[in-house]
Amino acid sequence: MIGLIAARSKNNVIGRDGKIPWRIRGEQKQFKELTTGNVVIMGRKSYEEIGHPLPNRMNIIVSGTLNLSGPNIATARSLEEALRMAEGRDVFISGGYGLFKEAIPIVERMYLTEVDLEVPDGDVFFPDFDENDFEKEVIGAGGDEIRFTRMLYTRKV
C-alpha cells in the first residue's frame, strides 16, 4: 500500500518558515499509529525539521544532497527509488510539498488531517488534487482549543 499522510489548515497550509505552524495535542497520534512498523518517505526539509530518524519504522529520505545510512534510515535520490527501496512494505509519504505533488497520482490512500485553523502567513501548501478520484470518509476528530478532523481519501478503482 502506498499512502500519504499530512495535516493541512483550512486554507491548505502545511508549513511556515520550515515548520508545521501548529501544535495540537493528540494531532500527531494517527501519524505514529499508522507509520510505526512501516516505511516513511520524506524529503530533506521534512527530515531536517524533525532532526532525527523516527523510531520503530524505516525512514527513507529523498534528497540530492544528503547521504544518510544506518539502522532504520536511508537516502534515495527520487521518490521512485525510495519506493523500490521499500521492498513492497506499506509506505507513508509524509512531506513535503514536492513529494506530495509527485505522489498524489499513485497513492492508494491519503490520510489528511484537516485543522480548523487559518494560517495567513503560511508559505507551503498541500497540492491541489481531484477529489473525484477518491472516496472521502471522516475517520475521527479531536482537539481542544483548535479542532481537527481526520479524513481518509481512498482512490476509486
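For clarity, every value in this text was computed on a predicted model and none was experimentally measured.

Asks: A description of the sheet that holds strand β11 (residues 148-155) should follow, citing residues and the corresponding values.
Replies: The sheet built from nine strands is open, its strands ordered β5-β6-β4-β3-β7-β1-β8-β11-β10 with mixed pairing. Strands with a single pairing partner mark the edges of an open sheet, and in this sheet they are β5 (69-70) and β10 (134-142). Pairing between strand β1 (residues 2-9) and strand β7 (residues 91-93): three bridges, direction parallel. In the sheet register, glycine 3 faces β7, and the bridge partner there is phenylalanine 92.

Asks: So what about the environment of serine 69? Which residues, and what values?
Replies: Mapped onto the elements of the fold, serine 69 is located in strand β5. What makes serine 69 exposed here is its relative accessible area of 68%. In this structure, the C-alpha to C-alpha distance between serine 69 and asparagine 59, residues ten residues apart in sequence, is 9.7 Å.

Asks: Explain the pairing of strand β4 (residues 58-62) to me, and be specific about the residues and the numbers.
Replies: A regular strand places its side chains so that they alternate between the two faces of the sheet. Across the five residues that make up β4, a large majority, five, are buried. Across five bridges, the pairing between strand β3 (residues 39-43) and β4 is parallel. Each bridged residue has a counterpart across the sheet, and for methionine 42 the counterpart in β4 is isoleucine 61. Handedness of the β-α-β unit built from β3, helix α2 (residues 44-50) and β4 comes out right-handed. In this sheet, strand β6 (residues 73-76) lies alongside β4 in parallel orientation, the contact comprising four bridges. Note on β6: the bridge partner recorded for asparagine 59 is isoleucine 73.

Asks: Please provide a residue-by-residue account of the packing of aromatic side chains, values included.
Replies: Tallied over the entire structure, the rule returns six aromatic pairs. Taking the centre distance of 6.0 Å and the plane angle of 50° together, the rings of phenylalanine 92 and tyrosine 111 count as tilted. Of this pair, phenylalanine 92 sits in strand β7 while tyrosine 111 sits in strand β8 (residues 109-115), and the two are 19 residues apart along the sequence. Residue phenylalanine 92 shares its accessibility class with tyrosine 111, and that shared class is buried. For the ring pair phenylalanine 126 and phenylalanine 129, a centre distance of 6.1 Å and an interplane angle of 85° mean the geometry is edge-to-face. Through successive ring pairs, a cluster of aromatic residues spans Phe100, Phe126, Phe129, Phe134 and Tyr153.

Asks: Tell me about the pattern of salt bridges, and please be specific about residues and values.
Replies: As enumerated under the stated definition, the model contains seven salt bridges in all. Residue lysine 10 pairs with aspartate 116 through a salt bridge whose shortest N-O separation is 3.3 Å. On the criterion of sequence distance, the pair formed by lysine 10 in the loop between β1 and β2 (13-15) and aspartate 116 in the loop between β8 and β9 (124-125) is long-range, its members being 106 residues apart. Judged by its relative accessible area of 53%, lysine 10 falls in the exposed class.

Rules used throughout
Residues numbered from 1 in each chain as written. Predicted model: local features only at pLDDT ≥ 70, side-chain atom pairs only at ≥ 80, totals over all residues. Heavy atoms only, no water. Pairing = 2+ DSSP bridges. Helix = DSSP H or I, 4+ residues; strand = E, 2+ residues; numbered from the N terminus. Buried < 20%, exposed > 50% of the residue type's maximum accessible area, 1.4 Å probe, protein only. Right-handed = clockwise from strand over helix to strand, strands pointing away. Phe/Tyr/Trp six-rings, centres within 6.5 Å; stacked < 30°, edge-to-face > 60°. Salt bridge = Lys/Arg side-chain N within 4 Å of Asp/Glu carboxyl O.

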